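Next come the chains, spelled out residue by residue.
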Amino acid sequence: QVQLVESGGGLVQAGDSLRLSCAASGRTFSSYNMGWFRQAPGKGREFVAGISRSDGRTFHADSVKGRFTISRDNAKNTVYLQMNSLKPEDTAVYYCAAGGVILVASRDVEYWGKGTLVTVSS
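These remarks concern the structure in this document. Keep in mind that what you see is a predicted model, and the values were worked out from it rather than measured. (Residues numbered from 1 in each chain as written. Predicted model: local features only at pLDDT ≥ 70, side-chain atom pairs only at ≥ 80, totals over all residues. Heavy atoms only, no water.)

1. Focus on the pairing of strand 11 (residues 116-121)
On any regular strand, side chains alternate: one points to one face of the sheet, the next to the other face. Where we set the bar: With a 1.4 Å probe rolled over the protein chains alone, any residue whose accessible area is under 20% of its type maximum counts as buried; one over 50% counts as exposed, and the rest are partly exposed. Strands are runs of DSSP state E lasting at least 2 residues, helices are runs of H or I lasting at least 4, and numbering of each runs from the N terminus. Paired strands, as defined in this entry, are two strands with at least two bridges between them according to DSSP.
Side-chain alternation along strand 11 places Thr 116, Val 118 and Val 120 on a buried face and Leu 117, Thr 119 and Ser 121 on a face that remains uncovered. Sheet topology note: the strand 2 (residues 10-13)/strand 11 ladder contains 4 bridges and is parallel. Bridging from a neighbouring strand, Val 12 pairs with Val 120 of strand 11.

Put into structure tokens, the structure is as follows:
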């Protein structure tokens, strides 16, 4: 069992930056592939970024490539999402996720956090 707690969300203006954090507890953090997903109002949950447990390979959705960066610190049991050049369409609840396979879709996720809200005003 893994518990995931997100933090760092908030209200920002277009063009601003935010860094989301996800603290993990429970079983060995380094044994999990980690990721971030988001769900905008009235839309389904979508993949944002993933990072592998083994070699730190990263994967980013086309919509955030070049603006968002996922990273992890296994010593701190934490995964991050650095979000730059935020746009109003990035407004969503952002969820931290963990799984045994590379996370690129919701079906791959074994554990979810409760989410943190990011609101980007124009």
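2. A closer look at the nonpolar core
Spelled out, the test is: To define a nonpolar core, start from buried Ala, Val, Leu, Ile, Met, Phe, Trp, Tyr and Cys residues and group those joined through side-chain atoms within 4.5 Å. Contacts are residue-level and defined by heavy atoms, with any inter-residue pair within 4.5 Å sufficient.
Residues Leu 4, Met 34, Trp 36, Val 79, Leu 81, Met 83 and Tyr 94 are the most contacted members of the largest nonpolar core, which totals 35 residues. Among the elements of the structure, strand 1 (2-7), strand 3 (18-26), strand 4 (33-39), strand 5 (45-51), strand 7 (68-73), strand 8 (78-83), strand 9 (92-99) and strand 11 are those that each provide at least two residues to this core. The greatest single-element share of this core, amounting to 5 residues, is contributed by strand 9. Contacts of Leu 4, omitting those with residues within four sequence positions, involve Cys 22, Ala 23, Ala 24, Met 34, Cys 96, Ala 97, Ala 98, Tyr 111, Trp 112, Gly 113 and Lys 114.

3. Concerning the state of the cysteines
Defined as follows: A pair of cysteine sulfur atoms is labelled a disulfide when the two atoms are within 2.5 Å.
Summed over the entire model, instances satisfying the criterion amount to 1 disulfide. Note that Cys 22 is cross-linked by a disulfide to Cys 96, the S-S spacing being 2.1 Å. An S-S torsion of about -85° defines the bridge between Cys 22 and Cys 96 as left-handed. Placement of the pair is Cys 22 in strand 3 and Cys 96 in strand 9, with a sequence separation of 74 residues.

On their own, these measurements won't tell you what the molecule is for.
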